[in-house]
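Spelled out from the first residue to the last, the chains are:
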Protein chains: 6
Amino acid sequence: MKKWIEKASHLIEALPYIRRFCGKIFVVKCGGAALVDPQQLHNIMQDIALLHFCGIRPVIVHGGGPDIGAMCKRLQIPTQFSNGLRVTDADTMEIVQMVLFGKTNRALVTALNQFGVKAVGLTGQDAAFMQSKKFIATSDVDADVDLGFVGEITDLDTTLITTLLAGGFLPVIAPIGIDEHGQAYNINADTAAGVVASKLAAEKLVMLSDVNGLYANIDDPETRLHVIKAALVKTWLNEKHISGGMIPKLQACLHALDNGLSSAHILDGNMPHSLLLEIFTDQGVGTLITN
Amino acid sequence: MKKWIEKASHLIEALPYIRRFCGKIFVVKCGGAALVDPQQLHNIMQDIALLHFCGIRPVIVHGGGPDIGAMCKRLQIPTQFSNGLRVTDADTMEIVQMVLFGKTNRALVTALNQFGVKAVGLTGQDAAFMQSKKFIATSDVDADVDLGFVGEITDLDTTLITTLLAGGFLPVIAPIGIDEHGQAYNINADTAAGVVASKLAAEKLVMLSDVNGLYANIDDPETRLHVIKAALVKTWLNEKHISGGMIPKLQACLHALDNGLSSAHILDGNMPHSLLLEIFTDQGVGTLITN
Amino acid sequence: MKKWIEKASHLIEALPYIRRFCGKIFVVKCGGAALVDPQQLHNIMQDIALLHFCGIRPVIVHGGGPDIGAMCKRLQIPTQFSNGLRVTDADTMEIVQMVLFGKTNRALVTALNQFGVKAVGLTGQDAAFMQSKKFIATSDVDADVDLGFVGEITDLDTTLITTLLAGGFLPVIAPIGIDEHGQAYNINADTAAGVVASKLAAEKLVMLSDVNGLYANIDDPETRLHVIKAALVKTWLNEKHISGGMIPKLQACLHALDNGLSSAHILDGNMPHSLLLEIFTDQGVGTLITN
Amino acid sequence: MKKWIEKASHLIEALPYIRRFCGKIFVVKCGGAALVDPQQLHNIMQDIALLHFCGIRPVIVHGGGPDIGAMCKRLQIPTQFSNGLRVTDADTMEIVQMVLFGKTNRALVTALNQFGVKAVGLTGQDAAFMQSKKFIATSDVDADVDLGFVGEITDLDTTLITTLLAGGFLPVIAPIGIDEHGQAYNINADTAAGVVASKLAAEKLVMLSDVNGLYANIDDPETRLHVIKAALVKTWLNEKHISGGMIPKLQACLHALDNGLSSAHILDGNMPHSLLLEIFTDQGVGTLITN
Amino acid sequence: MKKWIEKASHLIEALPYIRRFCGKIFVVKCGGAALVDPQQLHNIMQDIALLHFCGIRPVIVHGGGPDIGAMCKRLQIPTQFSNGLRVTDADTMEIVQMVLFGKTNRALVTALNQFGVKAVGLTGQDAAFMQSKKFIATSDVDADVDLGFVGEITDLDTTLITTLLAGGFLPVIAPIGIDEHGQAYNINADTAAGVVASKLAAEKLVMLSDVNGLYANIDDPETRLHVIKAALVKTWLNEKHISGGMIPKLQACLHALDNGLSSAHILDGNMPHSLLLEIFTDQGVGTLITN
Amino acid sequence: MKKWIEKASHLIEALPYIRRFCGKIFVVKCGGAALVDPQQLHNIMQDIALLHFCGIRPVIVHGGGPDIGAMCKRLQIPTQFSNGLRVTDADTMEIVQMVLFGKTNRALVTALNQFGVKAVGLTGQDAAFMQSKKFIATSDVDADVDLGFVGEITDLDTTLITTLLAGGFLPVIAPIGIDEHGQAYNINADTAAGVVASKLAAEKLVMLSDVNGLYANIDDPETRLHVIKAALVKTWLNEKHISGGMIPKLQACLHALDNGLSSAHILDGNMPHSLLLEIFTDQGVGTLITN
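Residues numbered from 1 in each chain as written. Chains lettered and ligands numbered in written order. Predicted model: local features only at pLDDT ≥ 70, side-chain atom pairs only at ≥ 80, totals over all residues. Heavy atoms only, no water.

**Some words on the overall build of chain A**
Then comes step 1: Helix and strand counts for chain A stand at nine helices and 14 strands.
Then comes step 2: Over its C-alpha trace chain A gives a radius of gyration of 19 Å, about what one expects of a compact globule, namely 19 Å for 291 residues.
Then comes step 3: Of all 291 residues assigned to chain A, the portion counted as buried reaches 60%.
Then comes step 4: Looking at chain A alone, contacts between residues at least 24 apart form 72% of all its contacts between residues at least 6 apart.
Then comes step 5: Surface accessibility of chain A: about 11,300 Å² in total, with carbon and sulfur atoms responsible for 52%.
Then comes step 6: Charge-centre separation for chain A: the mean point of 23 positive side chains lies 9 Å from the mean point of 29 negative side chains. (Helix = DSSP H or I, 4+ residues; strand = E, 2+ residues; numbered from the N terminus. Rg over C-alpha atoms; globule rule 2.2 N^0.38 Å. Buried < 20%, exposed > 50% of the residue type's maximum accessible area, 1.4 Å probe, protein only. Contact = heavy atoms within 4.5 Å. Areas by Shrake-Rupley, 256 points an atom, 1.4 Å probe, with all protein chains shown as cover. Lys, Arg positive; Asp, Glu negative; His and termini not counted. Charge placed at Lys NZ, Arg CZ, Asp CG, Glu CD.)

Listed below in structure tokens is the structure:
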């Protein structure tokens, strides 16, 4: 019995956070290994289901992970990367779309529905809500490579998302954009999550991937920063203290924080319940970026 | 960190219950020692606040406890009981009303609001929603005693309660009824809770008092019944296996179960988090009565 | 029959006023002897019920009157006044709350409901709608006296009131404020009525007490002013032409007129139907203050 | 001052009736001399405006009165009556429509708007809400006369009326019906009022004309019946105790009382404020017919 | 079959226009010969019905045409014109009202209803929505002639129109204004249509009369302008290049284009389907005036 | 010009049909060659867009066509059919899902959005709205073959579809069902369309495939039936007059007609504008089945 009372007291510890975030929109970007391991996917969706039933309104944006590469390989479509971006010709775009929406998105939607959440999958093609155009890299190095159907968002109409939220549904978005001729584009999931968060004026944008935050000294795990100001992140980016996949994540966070988002989180999706711990405890388990 | 992950996993254990009861109405009757000890009152209101923020819609009905007697004594108004019911003359009725609504109800409302719940206190006089009449005892023994302004409910209009629930408020009801001449009546809180639960077609009626359920053998604490059928409770009442304050509680539960309520609980308010444990675990810590 | 036709023609005389005020909010402050004499209370509530059924939306704020003093005396709690304000220690605050809400408020609510109005009683503790803090007197004289739990309003959330009005209910407010620690405060009813009126952007604030207006010459009953400009009232207050209980009433009116109220009235609650006569006739029976 | 207080007390006398009829629909049929004399029209519309502002929802159906005959005469269109019904050929129908809607209806709408009511005129042609067909007299006597475009209602769609009521408008209906070919029909105003009242499930149908009720002995003004049961009216009609224009009025009342109407009134529009007196006093000034 | 496929392809040609104007308000002024010839009236109403069912929201304002003159003649009321405006004494105003609303308006409403549209006729007297005053001609020539009850609009309350549109009804407005004393005024239909269009912030104002647009050279039918800028129309009016009935039409268009209207059209109502052709083809069949 | 007027008159011919079906739900099943040829897909979606903008509310259910087989072949997954049903093992189910939703559905959604329609793609996995279970063939012949994840619908929750329709969106459904364990099932598109149509109580179910109806004599194209009673279709099915892919189509139609659908159509998607011709002409170009 004592064990049970202790359990109940843990529920009570979450009360101030539940109260504080009740009715607020959280945009959660799911990527990395979490999308590969079914058990981990199950766990993360369970955490998101709990947020949903506690009155928080999550919106998910997800990447595709290694499934796209695997399918390309299986179909003998050659894969090329330029500066971390997948060169996306017409054949590749077809595969991106089929895997991202026809497989990954279905897996997330199904996992959530298993917990009683009414999840609904979308791409930016639905109601043409994510208007996009061909992405033209600005740096000198990339200028010669045609990235094909890699796109950037030009406009985002939130009506479909807010209609679904108002109906009690949970939108799960695969970041495929669309232009006025009906051409689909492969959009970076971090960037898409940032735009969705700012357009919805979300309370939080949570980047759930394979790293658990920013470090004062990248080689010393003890130096993880619990909280960091957006301005300092900007400085670090300018001074090129940050590298690799963390760059688009941080750029997406900064852009959203500049445009109506309240706070952003960098979080490790591989750690059990990292999402709940970041939101329902004071010190958190990742890095919180604020204005 | 391991401790934290364990804590989070306790939150997750509550998920199936939160999901199941989301949007449902729980009528909680608060009585007994819980209303006397400020710390206990604080704890129970905290549990109710958690239910509220998890999407459950609690409605509270409360008794007055020893405060009424204390004030009568302080004002030298003689107190008389007949068959467990307070003989309520005009002077006593005035004190009942002042203490029950002007003191106890304010304490509950204030405690809930401290947790961010928008609690609103009511008596049956507000919008005259609890129509009542003088209670006439039917048993031979009582026939000679005039109980004064002890009343019974003749009709209950739920419009005010549902207006408040729809606005996100939590109604806290002191069981004072009213008749067509504006006369106030002292209504038994258990009975009132039962009528409120059935008229709202509530999911659960929780009787929170000083006892933690029904026993096969009242002298053996090991024989507490986790679940019991309403029909058996009826038999036990008819065969007079039950005595004292448990009788009106069970009668109220049976009446509500006969009129739209889904399930009733007898629970010990003195046990920490008994409300959460009864609702968020399978075996519970009280007695569940079902049809 | 002729008598009847004459009666009907009196109804018709009210038509232009009913038409003009249809759907408008009137905040009526009830205080003084009117709260003591049951017949007078009945009459005033009847007038307010008529306004309600004619499409006007009244909101009542009431004081406590002599009942509080009587109860303090009965319980041998010493009463002390400083500059017209009741020194309110913890014991006294408990009595204020019990009498004001558990007795006076119940009497008003019941009287209104007798006329078919759906009146609902509130204090600032309900949904914590009247945020308050300890009142610190600014004048030198009072500086040494600790007034205890006498409070002043720091913020007023009208959501609960407007939810009730939208549902067709009539809010009856006992002016007890609340701070962030759950401490209750005794708020001056005139001041509270003024804040409620300005926050609701009311059409009228009616101060119903024992005096029937402002006089050019206080000793000459013939010199009552039917209308006076707020600016002149301000001058009179600065020049100390006004004294006693009229000061807070006028200050409340001026504050509300400065913050969205359209017009304020000083009216004698002892005069039969003074409320109807002030509203439904051109010359009125009190003093109208306008910007 | 005493006079004023007396006036206010007359307002208060109306309170129980205002309360009772608040939100209810009253269908008022205006006909007879009241439509001829501008002063009388003004008075009746003023009474109706008062009902409107007291929360009652009046719907007016009006006849045409002598104006139609006058215009026919002026245009030298011969007028023929058969059994009290105007034989309505195509020319006459055009005149009926122009005078009834282009003149009488405009006068009523304008008079009401002068009192601040938002009155809106309609015929059954608007939104084709009053579906009709040629009236075929059933009695032997009439069988040989073709009444032309005299019609009877076959269906009534209340959507337009309820849309206007919900918007706070007061519908004023000229009883012109329409068939599926767009042909207009002249409908008896009493009959139309009865159908409107029953389809709206009105609280009251008031027949305002030149007679003030039913008499036990038609020759003795002292024998006016204040209340009469519908069943007895039926008997009287069958036994041919009733004659002339009273027959269609009573038939319309009985039909509506059989189909959802609560009560019907026969009232003299020439008597000042007869409408208010019938509604706001117990004994009334006409005859009330109830089931 | 080939014929049928071709027919269907004509429907498809209209798709981009239907899509573009879906939900937009079109104010159509109907005047001239179209109101005289029943077949033409039928055709125009059919076109408007099609717009209505394609999701466009038409509002009709109509003139009276020769019917008013005919009735005046029949009733031997002398007719006088001053500068193109009918001198409207009290007798004439009564005839204008009866014919315009009791005859013409009924014909339009009935024709529309035949196509399943729920048309509802109005004048500015309904809900007093078109506040007006006596029109005082400003030019020297007219100064001596009293035009009687010719009026100009002082204010227009769109609540009644928008209530009807929201309910799916189609308003058909006869331009009779009203002043605060209840006096009716004869308003120029072109002017009224312009005010209605600007107050509703309509997408289009269509002037449907006997001319099919503006000409560079009035004597050369080949010089019709498909599109013209409002500024140029202004210049032409100032330079008196325009004459006769076209002047008020163009003034109404310019006034509305200055006050929220998007585009205006001058169109020949006598040409079959001119309304559809102007809206559903690029080059149109009249003259389009834009800012 | 004459050509234009003729075009406009073709629009007008559609008016009675547009009027009749305004606001009604049409479920259109798209299958066969129409899904393969991009031009044909474009044309059909254009027709559906026109219906949408004319106020009809289409809901699309689509099959997968030859794309699934092509992808299976490309990935060297062996394809097996049993009695016309694709044997669907886990590998095949993954391909079905990716192609059907990640490719075909995206093509339909994109084509519709090009015409300004706000189309939104769904499978029965979204909000788990199409509850399904493993399909067990009942005939003796099939009993030995395990069809794998071929499913049948056990329950269909229309909330998601009606939420989207109410928001002005057009749902495009790929018939993948889901069971309580999250297992996806391949559902026959004809059957799914029938269930969707009956659950939505649709006005019409249109089966758009490669055949243009039912024939009295299958070998004589002149004997196509324009209309046939459901009872006769039932007889023909029982007597095995029907064969091949037409059987499930007709069974789906009959099931829906038995459960709330008004009428069903068998239509050739290869014929230009067959959808418009069937709906907007009296004789139609397919076969209409009615109760």
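**Thoughts on the relation of the copies chain E and chain D**
Then comes step 1: Once turned by 180° and shifted 0.0 Å along the axis, chain E lies on chain D with an RMSD of 0.1 Å. Taken together, these values place the two copies in the relation of a two-fold axis. Taking C-alpha positions as the reference, the residue of chain E nearest the rotation axis is E:Gly102, at 2.1 Å.
Then comes step 2: Counting the interface residues of chain E, we find that 100% of their copies in chain D are interface residues as well, pointing to one common contact surface. (Least-squares fit on C-alpha atoms with pLDDT ≥ 70 in both.)

**Looking at the interface of chain A and chain F**
Then comes step 1: In this complex, chain A contributes 36 residues to the contact, which on the side of chain F involves 36 residues.
Then comes step 2: Across the chain A to chain F interface the summed buried area is about 3,000 Å²; carbon plus sulfur atoms make up 60%.
Then comes step 3: Summed over the shared surface of chain A and chain F, the number is four salt bridges.
Then comes step 4: A:Asp126 is the salt-bridge partner of F:Arg106, the closest N and O atoms lying 3.0 Å from each other.
Then comes step 5: At the boundary of chain A and chain F, one finds 20 residue pairs in polar contact (both at pLDDT 80 or more).
Then comes step 6: Looking at the side of chain A that touches chain F, the elements that each hand over two or more residues are helix 3 (66–74), helix 4 (90–114), strand 5 (119–123) and helix 5 (159–166) of chain A.
Then comes step 7: For the side of chain A that touches chain F, the residue count by class is 16 nonpolar, twelve polar and eight charged. (Buried area = accessible area lost by both parts, 1.4 Å probe. Salt bridge = Lys/Arg side-chain N within 4 Å of Asp/Glu carboxyl O. Polar contact = N/O pair within 3.5 Å; in protein donor to acceptor, adjacent residues only side chain to side chain. Nonpolar A, V, L, I, M, F, W, Y, C, P; charged D, E, K, R; others polar.)

**Topic: the relation of the copies chain A and chain F**
Then comes step 1: Note on the identical chains: chain A maps onto chain F by a rotation of 180° and an axial translation of 0.0 Å, with an RMSD of 0.0 Å.
Then comes step 2: A share of 100% of interface residues in chain A that are also interface residues in chain F marks the association as one of identical surfaces.

**Digging into the pairing of strand 13 (residues 263–268) of chain B**
Residue and element names in this part refer to chain B.
Then comes step 1: For strand 13, the tally of buried residues reaches six of six residues, placing the bulk of the element in the interior.
Then comes step 2: Side chains of strand 13 alternate between two faces, with Ser263, His265 and Leu267 and Ala264, Ile266 and Asp268 buried alike.
Then comes step 3: Bridge count for strand 11 (residues 204–209) against strand 13 is six bridges, and the pairing is parallel. Within strand 13, the residue paired with Met207 across the bridge is Ile266.
Then comes step 4: Bridge analysis of strand 13 against strand 14 (residues 287–290) gives four bridges, and the strand direction is antiparallel. The partner of Ile266 across the bridge, within strand 14, is Thr287. (Pairing = 2+ DSSP bridges.)

**Description of the interface of chain E and chain D**
Then comes step 1: Across the contact, 36 residues belong to chain E and 36 residues belong to chain D.
Then comes step 2: Counting the surface lost from both chain E and chain D, the interface buries some 3,000 Å², and carbon and sulfur atoms represent 60% of this.
Then comes step 3: For the pair chain E and chain D, the interface holds four salt bridges.
Then comes step 4: Linking chain E to chain D there are 20 residue pairs in polar contact (both at pLDDT 80 or more).
Then comes step 5: Broken down by secondary-structure element, the contributors of at least two residues to the side of chain E that touches chain D are helix 4 (66–74), helix 5 (90–114), strand 5 (119–123) and helix 6 (159–166) of chain E.
Then comes step 6: Examining the composition of the side of chain E that touches chain D, we find that twelve residues originate from one element, helix 5 of chain E, more than from any other.
Then comes step 7: Grouping the constituent residues of the side of chain E that touches chain D by class yields 16 nonpolar, twelve polar and eight charged.

**With respect to the sheet that holds strand 13 (residues 263–268) of chain D**
Strand pairing within a sheet occurs via backbone hydrogen bonds; the two strands may be parallel or antiparallel.
Residues and elements named next belong to chain D.
Then comes step 1: The sheet built from eight strands is open, its strands ordered 5-8-2-1-11-13-14-12 with mixed pairing. Every interior strand has two partners, whereas the edge strands, strand 5 (119–123) and strand 12 (227–229), have only one. Neighbouring strand axes in the sheet, compared pairwise and without regard to direction, differ in orientation by 20° on average.
Then comes step 2: Direction of pairing for strand 2 (residues 57–62) relative to strand 8 (residues 170–174): parallel, over a ladder of two bridges. Considered in strand 8, the bridge of Ile60 is made with Val172. (Axes fitted to C-alpha atoms, helices over the stretch in contact; angles between N-to-C directions.)

**Concerning unusual backbone geometry**
Then comes step 1: Non-glycine residue A:His273 carries a positive phi angle of around 55°.
Then comes step 2: Relative to the helices and strands, A:His273 resides in the loop between strand 13 (263–268) and helix 9 (274–280).
Then comes step 3: Taking the relative accessible area as the measure of exposure, A:His273 reaches 13% and is therefore buried.
Then comes step 4: A positive phi angle, close to 50°, is found at E:Ala201, a residue other than glycine.

**Brief notes about the pattern of salt bridges**
Side chains carrying opposite charge are able to pair once their charged atoms draw close together.
Then comes step 1: Per the counting criterion, the structure on display carries 54 salt bridges over all chains.
Then comes step 2: With a shortest N-O distance of 2.7 Å, D:Lys7 and C:Glu13 are connected by a salt bridge. Placement of D:Lys7 in helix 1 (residues 2–13) and of C:Glu13 in helix 1 (residues 2–21) is noted, with the two residues assigned to different chains.
Then comes step 3: Classification of D:Lys7 as buried rests on a relative accessible area of 14%.
Then comes step 4: In this structure, the salt-bridge partner of F:Asp67 is F:Lys103, at a minimum N-O distance of 3.7 Å. Linking F:Asp67 in helix 3 (residues 66–74) with F:Lys103 in helix 4 (residues 90–114), this pair joins segments that are 36 residues apart in sequence.

Don't take any of this as a statement about function, it's just geometry.
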